[in-house]
Amino acid sequence: MEKISVAVRFRPPSASSAAADPSPSSGGDREWRVDDTRITLLHRNAPVPGASFAFDHVFDGTATNDRIYGVLVCSLIRAAVDGFNGTAFAYGQTSSGKTFTMNGSGDQPGIIPLAVRDVFDTAREAADREFLIRVSYMEIYNEEINDLLALGSEKLPIHESLERGVYVAGLREEIVNSAEQVFELLELGEANRHFGETNMNVRSSRSHTIFRMVIESSAKNHMDSGDAIRVSVLNLVDLAGSERIAKTGAGGVRLKEGKHINKSLMILGNVINKLSESGKQRGHIPYRDSKLTRILQPALGGNAKTSIICTAAPEEIHVEETRGTLQFASRAKCISNCAQVNEILTDAALLKRQKQEIEELRKKLQGSHSEVLEQVILKQRNDMHKSELERDRLAMELEEERRLRETLEHRLAEQQKMLDGINNASISPDQFTDSVQLDALKTPNSKERPVGFVASRANYSKDVEFSPIPENLGTVADEDLWMQLNKGCITDLEMLEMTPGLKCAPSLAEDKTSVAIPEEPIDERCQRLQKDCSSDRQQLEDSKVRCTVLENELDTLKKEYSSLLAKSRQDADRLVAEKEAVLKELDMEKSRMEELKQEIRLFSQAFTQRQGQLTSLYTKSKAIVDNCKMSQLALP
């Protein structure tokens, strides 16, 4: 058993954070004091009772991402390369620095880019093992799982199997052989991720993201001897921050997003609370209440090494949120995981299945350049992996169709059994000695009405709108009664038209002597059930035909999608080429403009210089003329 490693990071104070909460703090002068690995809340320089917390590591605002990675995550990456499952995630309120800690910036990379480089560097140092690494990138937005590496892959389901454990079906996985390829995929995923602006953060994360690396390794030159293959999963999670509507000012779509974020984080807190309890007191752990906790189930109390970075804001207006974050971190510190090396002895590992074909490709391309060789091998691996994912998806669809067919066949078999039972049964009135037993098999009839039955009219109202109620009702309506009921109006019976072909209802006297309707004969019932069976068989055949039609439509749609994708790529390439051509022309025009400006500048300088020379010449010539005039006047 191994405890979860928990650290707390305080971001530097922000001058603009006070504007996020217009209401003044009600607690007075409160601040957090950091003493090595202990954090204490002070109220006017006095410790607040019950507000002191101790953790594995505590970082103040001067700590860098490199330092945090080296202290908390570096050993986790080494263990993941050696075959242990690993998970690292950041938890805290919004605008506390989670995304900066996980992703970083251009001059200060975060945990995810540092971990990616460290994985490839560590794998390169292991000269006695061969590695296959594949990555995926997903987000949980409004409790729906979206694939950030494939457009249109939304609302993906979660499945569980003995070989793969808990996984997301239909999630795109890319096989990579360098950190630069991973960074390109991360850039693509960040472009598809949901962000939004709130009062507390200009670029607030509106979804939880999980970057996953599956690392498979085996001893070199021992693949055919049946040696075990190590398969580990590394999860790097950037959680969205908990929010208060009064501070974020969220509304509309942002309000809906905030509700889903707070709900999933609340369930994560409930899971942490249950796991922190002792074995006897621990009850049901609600992993399935949230898709976030369902995916992170192996990392929380399971087979994984886990590190949690809880980010907090040091400002006084965020004291209560920071206290909640520290309480979450304290409970998480009590959780123990049972991490062990994951080894597979069967052919379930992707690396083992591809070994033979890759060796054949190496022999064929032995004379080619090594870089071309690696690119061909990587492309082959990706194609094989995509085909396996497509096969799994088709297998799930066929499994659903098989279940539907089994349901229809089961229903058809039940009806056939019922039909056979009716045919084999010979029911006759002679078998029953008691008339009560015979009457019990008959269809129940309505209760016979008594002789001389007369329907009485309810006392609705005494208004003139209603017909007057006669005092005495008899079995026969005489002329006076008819006049009373119709307010003295006389109906011309000759003008009434009767609907032809209608039989008159039996009279009350005839109802007394009428015979009960006989129940359905057995032969007719058998025929009806046979018709039902035939209709069910026809429905089953129709469903099979529809299934075939749907499969054909699916193939057609795939072909259309491929053609549209190829066409869109061609259009994109054409637009890129046109853009590059326009940019080149623009650069040429800019260069021409610069040349013209330079020529104009030179011409202006030459013109100014020439003008100065002319002015000087004019001044000299004028002086000479004046001297000549003076000399002429001076002569006698």
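About the thresholds
Residues numbered from 1 in each chain as written. Predicted model: local features only at pLDDT ≥ 70, side-chain atom pairs only at ≥ 80, totals over all residues. Heavy atoms only, no water. Helix = DSSP H or I, 4+ residues; strand = E, 2+ residues; numbered from the N terminus. Buried < 20%, exposed > 50% of the residue type's maximum accessible area, 1.4 Å probe, protein only. pLDDT = per-residue confidence, 0-100. Contact = heavy atoms within 4.5 Å. Lys, Arg positive; Asp, Glu negative; His and termini not counted. Salt bridge = Lys/Arg side-chain N within 4 Å of Asp/Glu carboxyl O. UniProt positions renumbered as here; feature names shortened; annotations may be inferred. Polar contact = N/O pair within 3.5 Å; in protein donor to acceptor, adjacent residues only side chain to side chain. Core = buried A, V, L, I, M, F, W, Y, C linked by side-chain atoms within 4.5 Å. Phe/Tyr/Trp six-rings, centres within 6.5 Å; stacked < 30°, edge-to-face > 60°. Pairing = 2+ DSSP bridges. Axes fitted to C-alpha atoms, helices over the stretch in contact; angles between N-to-C directions.

With that out of the way, let us pick up the environment of Val231. Position of Val231 relative to the elements: it lies in strand β16 (residues 229-238). Take Val231: its relative accessible area is 15%, and that puts it in the buried class.

Let us now look at the confidence of the model for the chain. Caution is warranted with low-pLDDT regions, since their predicted coordinates should not be read in detail. In this model, the chain carries an average pLDDT of 76, and 73% of its residues clear a pLDDT of 70 or more. Below a pLDDT of 50 lies the segment residues 426-438, which in the model reaches eight contacts outside its immediate sequence neighbourhood of four places, other chains included. This model gives residues 446-458 a pLDDT under 50, and the stretch forms eleven contacts once residues within four places in sequence are excluded.

Within the secondary structure layout, Arg212 lies in strand β15 (residues 208-219). For the buried residue Arg212, which engages in no salt bridge, the nearest side chain bearing the opposite charge is Glu173, 6.3 Å off. Arg212 has contacts with Arg134, Val135, Ser136, Val166, Val233, Leu234, Asn235 and Ile295, leaving out every residue within four places of it along the chain.

Scanning the entire structure with this criterion turns up 20 salt bridges. Here Arg11 and Glu315 are joined by a salt bridge, their closest N and O atoms 3.1 Å apart. Here Arg11 is found in the loop between β2 (5-10) and β3 (30-35), whereas its partner Glu315 is found in the loop between β17 (305-312) and α8 (319-332), with 304 residues between them in sequence. Each member of the pair, Arg11 together with Glu315, is buried. A salt bridge links Arg206 to Glu257, with the nearest nitrogen and oxygen atoms 2.8 Å apart. Residue Arg206 is located in the loop between β14 (204-205) and β15, and its partner Glu257 is located in helix α6 (residues 253-276); the two are separated by 51 residues in the primary sequence. Overall, the relative accessible area of 1% leaves Arg206 in the buried class. Residues joined in a network through salt bridges with shared partners are Arg30, Glu320 and Arg323.

A few words on the UniProt feature "binding site: ATP" (unreviewed entry) in the chain. Per the UniProt record, "binding site: ATP" (unreviewed entry) is found at Gly92, Gln93, Thr94, Ser95, Ser96, Gly97, Lys98 and Thr99. Note on placement: Ser96 falls in the loop between β7 (86-91) and α2 (98-103). Those residues in contact with Ser96, other than ones at most four positions away along the chain, are Arg11, Thr311, Ala312 and Ala313. Its place among the elements puts Lys98 in helix α2. Sequence-distant contacts of Lys98, defined by excluding residues within four places in its chain, comprise Ala90, Tyr91, Gly92, Gln93, Asp238, Leu239, Ala240, Gly241 and Thr311. Separated by 2.9 Å, the side chain of Lys98 and the backbone oxygen of Gln93 make a polar contact.

Once that is clear, we can look at the nonpolar core. The biggest cluster of nonpolar side chains holds 44 residues, and the ones touching the most others in it are Trp32, Ile39, Phe55, Tyr91, Leu239, Leu268 and Leu300. The element that contributes the greatest number of residues to this core is α6, accounting for six residues. Listed in part, the 39 residues of the second largest apolar core include Ala115, Ala123, Leu149 and Leu234.

Before going further, it helps to examine the packing of aromatic side chains. Summed over the entire model, instances satisfying the criterion amount to four aromatic pairs. Note on Phe53 and Phe55: the rings are 6.4 Å apart at their centroids and 20° apart in plane angle, and the pair reads as stacked. Residues Phe53 and Phe55 agree in their burial class; the two are buried. Pairing Tyr137 with Phe211 gives two aromatic rings, centres 5.7 Å apart and planes at 90°, and the pair type is edge-to-face. Residue Tyr137 is found in strand β8 (residues 129-141), and its partner Phe211 is found in strand β15; the two are separated by 74 residues along the sequence.

Here we come to the sheet that holds strand β5 (residues 46-54). Remark on secondary structure: sheet strands pair via backbone hydrogen bonds, oriented parallel or antiparallel. Read across the open sheet, the three strands follow the order β3-β4-β5; overall the sheet is antiparallel. Of all strands in the sheet, those with a lone pairing partner are β3 and β5, marking the two edges. Looking at each pair of strands side by side, their axes are set apart by 25° on average, direction ignored. Two elements, β3 and strand β4 (residues 38-43), share six bridges in a ladder whose sense is antiparallel. Bridge assignment links Arg33 to a residue of β4, and that residue is Thr40.

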